[in-house]
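Observations on the three-dimensional arrangement
Below, each chain spelled out in residue letters.
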Amino acid sequence: MYYIGIDVGGTNLVAGLVEESGHIINKVSTPVVKDMTARQFGAELVRLSQRLCEVGGIGFDRIEAVGIGLPGVVDNKAGLFVQNPNMPFRDKNVPLRAMFHEEWDVPVFLGNDANCAAVGEYWAGAAKGCDPAVMVTLGTGIGGGMVCGGKLFTGFANSGMEIGHMIIQPNGILCGCGGRGCWERYGSATALIQLTQLEMERDRESKLWELVEGDPSKVQGRTPFQAARLGDAAAKRVLRNYLDGLSIGMINLINILQPEIICLGGGVSNAEDDLLLAPLREMVWRGCFDKTNHTRIEKASLGNDAGVVGAALLCNLV
Ligand SMILES: [Zn+2]
């Protein structure tokens with residue numbers, strides 16, 4: 001049997017035909033059209049899934065399930081895309097499963113994108129065989145997901161593991177959620193870029209300026225790592241501050257959940273180990289309550305495919 005996983009992003013829809021092992025046989029993708037309605041979006045997901053079968057030469061009846069990973073709040077029980085800050089349409093409670101079934105009667109599962117990435121890494125990636133397994137995605141914000149007891153943990157109403165909004169600083173930096181001091185304001189790629197820009201203002205001599213050709217808006221997540229590699233003191237201060245914030249959230253996660261592994265995904269996680277993972281492990285392990293049973297801290301291994309693989313195999317973990 002085969003599975004279909006669809007990774008819905010703000011700009012692209014990527015669908016993959018996936019084997020039970022997590023191996024992707026082929027992929028197709030299409031851009032998200034700017035003024036797409038919810039109904040057009042639903043129809044596009046069906047069309048993409050069917051095209052995948054045609055390209056792969058697989059009959060529709062050989063598909064065990066279709067999984068859809070969505071950027072927003074999802075209610076898999078009811079088959080609804082509840083809330084979507086990142087799509088062209090603003091409708092709430094889009095009945096995606098029912099829409100899909102108007103065209104094709106196949107089991108359809110819905111998951112939040114960060115949760116799907118966790119499922120992918122647990123099933124076929126760096127967290128394979130680890131339980132509980134936590135995935136932390138460092139991007140614009142911080143996304144999270146956890147597999148526990150072989151099942152995806154979602155909380156009672158689908159907003160569990162919104163780890164980016166764990167408060168790590170009372171009255172701290174204002175967050176997009178309306179709260180203050182949320183972890184993602186200190187540990188996301190966005191936070192790293194802002195820390196870098198701030199430090200550049202303080203240190204006009206820093207090599208960071210050369211790396212961005214004098215334009216702070218060109219700072220990327222990798223910029224402070226590049227400058228630190230060149231021995232730049234300002235960049236080293238940026239990374240120290242960033243790791244302080246990142247490690248606090250991870251210590252909290254470990255003290256509450258004691259996962260066997262935390263996988264780090266997102267662009268920032270591609271930094272070289274001696275600048276990111278090695279110091280992070282040391283800070284986190286030193287700060288945890290249990291100092292002998294270390295939670296493994298690893299780079300996620302599926303990269304951009306985690307969403308497709310996880311969405312496809314979601315049916316086995318709900
Ligand atoms: Zn927040």
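Residue numbers restart at each chain and count upward from 1, following the sequence in its written direction. Local features in a predicted model are, by the rule used here, given only for residues with pLDDT of at least 70; side-chain atom pairs are given and counted only at 80 or more, and totals for whole chains, interfaces and linings are based on all residues. Remark: hydrogens and water are excluded; side-chain values derive from all non-hydrogen atoms of the structure.

1. As for helix α10 (residues 306-313)
Residues that lie three or four places apart on an α-helix share one face, since the helix turns once every 3.6 residues. Spelled out, the test is: The cut-offs for exposure are 20% and 50% of the maximum accessible area for each residue type, with area from a 1.4 Å probe on protein chains only; residues under the lower value are buried, those over the upper are exposed, and the others partly exposed. Here a helix means four or more residues in a row that DSSP labels H or I, a strand means two or more in a row labelled E, and each is numbered from the N terminus. In this analysis, two residues are considered to be in contact whenever any of their non-hydrogen atoms come within 4.5 Å of each other.
Judged by how many residues are buried, α10 sits mostly within the fold: eight of eight residues are covered. Looking only at α10, the buried set comprises A306, G307, V308, V309, G310, A311, A312 and L313. Close packing links the buried residues of α10 with β1 (2-8), β2 (12-18), β3 (24-31), β4 (63-70) and α3 (113-124).

2. So, the environment of Q50
Looking at where Q50 falls in the secondary structure, it is placed in helix α1 (residues 38-56). Separated by 54 residues in the primary sequence, Q50 and W104 place their C-alpha atoms 9.1 Å from one another.

3. Topic: the packing of α1 against helix α2 (residues 96-103)
The condition is simple: Under this scheme, a helix contributes an axis fitted over its contacting stretch, all axes are lines through C-alpha atoms, and angles between N-to-C directions fall in the 0 to 180 degree range. Every angle not falling under 35 degrees, over 145, or within 65 to 115 is termed oblique; those three ranges are roughly parallel, roughly antiparallel and roughly perpendicular. The sense of a crossing depends on the near helix, which, turned anticlockwise from the far helix by less than a right angle, makes the crossing left-handed and, turned clockwise, makes it right-handed.
Contact geometry of α1 with α2 gives a least axis separation of 9 Å together with a crossing angle of 55°. Regarding the angle of α1 to α2, the classification is oblique. The two elements α1 and α2 cross, and the hand of that crossing is right-handed. Residues A38, R39, F41, G42, L45, V46, S49 and Q50 of α1 form the contact with α2, whose own contacting residues are L96, M99, F100, E102 and E103.

4. Quick look at the domain arrangement of the chain
Stated precisely, the cut-off is as follows: Each domain span listed reflects an automatic or database assignment of domains. Throughout, the accessible surface (probe 1.4 Å) given up by two parts as they are put together, summed over both, is called the buried area. By salt bridge we mean one thing: a side-chain nitrogen of Lys or Arg within 4 Å of a carboxyl oxygen of Asp or Glu. We define a polar contact as two N or O atoms separated by no more than 3.5 Å, with the added condition that, inside protein, one atom must be a possible hydrogen donor and the other a possible acceptor, whereas residues neighbouring each other in sequence contribute only through side-chain atom pairs. Gly counts as polar in this scheme, as do all residues outside two lists: the nonpolar Ala, Val, Leu, Ile, Met, Phe, Trp, Tyr, Cys and Pro, and the charged Asp, Glu, Lys and Arg.
Looking at the chain, the domain boundaries give domain 1 (2-120 + 305-316) and domain 2 (130-300). Taking only C-alpha atoms into account, the centre of domain 1 sits 28 Å from that of domain 2. The interface of domain 1 with domain 2 comprises 12 residues on the first partner and 14 residues on the second. Of the roughly 820 Å² buried where domain 1 meets domain 2, counting both sides, 56% is carbon and sulfur surface. Among the residues of domain 1 in contact with domain 2, A114, N115 and A118 are the three that bury the most area, contributing 48% of the side total. At the junction of domain 1 with domain 2, the criterion picks out zero salt bridges. The tally of links between domain 1 and domain 2 comes to zero residue pairs in polar contact (both at pLDDT 80 or more). Mapped onto the side of domain 1 that touches domain 2, the elements with two or more residues apiece are β5 (73-75) and α3. In terms of residue count, α3 provides more of the side of domain 1 that touches domain 2 than any other element does, five residues in total. Partitioning the side of domain 1 that touches domain 2 into residue classes produces seven nonpolar, four polar and one charged.

5. Description of unusual backbone geometry
The amide bond that connects D131 to the next residue, P132, takes the cis arrangement and shows omega of -5°. With respect to the element layout, P132 can be found in the loop between α3 and β8 (133-138). The residue M161 is not glycine, and still its phi comes out positive at about 60°. Note that M161 resides in the loop between β10 (151-153) and α4 (184-187). Looking at M161, the relative accessible area reads 12%, which means it is buried. At Q258, a position not held by glycine, the phi torsion is positive, near 35°. Here Q258 lies in the loop between α8 (233-257) and β11 (261-265). What makes Q258 partly exposed here is its relative accessible area of 42%.

6. A short note on the pairing of β8
Test applied: When DSSP finds two or more bridges between a pair of strands, those strands are recorded as paired.
When you tally the buried positions in β8, you get five out of six residues, the bulk of the element. Pairing between β8 and strand β9 (residues 142-148): six bridges, direction antiparallel. Paired with L138 across the two strands is I142, which belongs to β9. Pairing of β8 with β11, which is carried by five bridges, proceeds in the parallel orientation. Bridging from a neighbouring strand, A133 pairs with I261 of β11.

7. Quick look at the side chain of T196
Note that T196 resides in helix α5 (residues 189-202). A residue is classified by how much of its surface remains accessible, and T196, at 0% relative accessible area, is buried. Excluding anything up to four places from it in sequence, T196 contacts L208, V219, P224 and V238.

8. A short note on the coordination of the zinc ion
Put simply, the rule is: Each metal site is built from N, O and S donor atoms within 2.8 Å (3.2 Å for Na, K and Ca), and since water is not included, such sites may look incomplete. Note on geometry labels: four donors, all angles 85 to 135 degrees, give tetrahedral; four donors become square planar and six octahedral when opposite donors are over 155 degrees apart and every other angle is between 65 and 115; remaining cases are irregular.
Taken together, H165 (ND1), C175 (SG), C177 (SG) and C182 (SG) make up the full set of protein donors to the zinc ion, lying 2.0 to 2.4 Å away. One can describe the site at the zinc ion as tetrahedral: its four donor atoms subtend angles covering 105 to 120° at the metal. Of note, the zinc ion draws all its donor residues from one chain, in the sequence arrangement H-x9-C-x1-C-x4-C. Pair noted here: H165 is in the loop between β10 and α4 and C182 is in the loop between β10 and α4, with a separation of 17 residues, a long-range link.

9. A closer look at the packing of α3 against α10
Contact geometry of α3 with α10 gives a least axis separation of 7 Å together with a crossing angle of 85°. In terms of orientation, α3 lies roughly perpendicular with respect to α10. Seen from α3, the contacting residues are C116, A117, V119, G120, E121, W123 and A124; seen from α10, they are A306, G307, V309, G310, A311 and L313.

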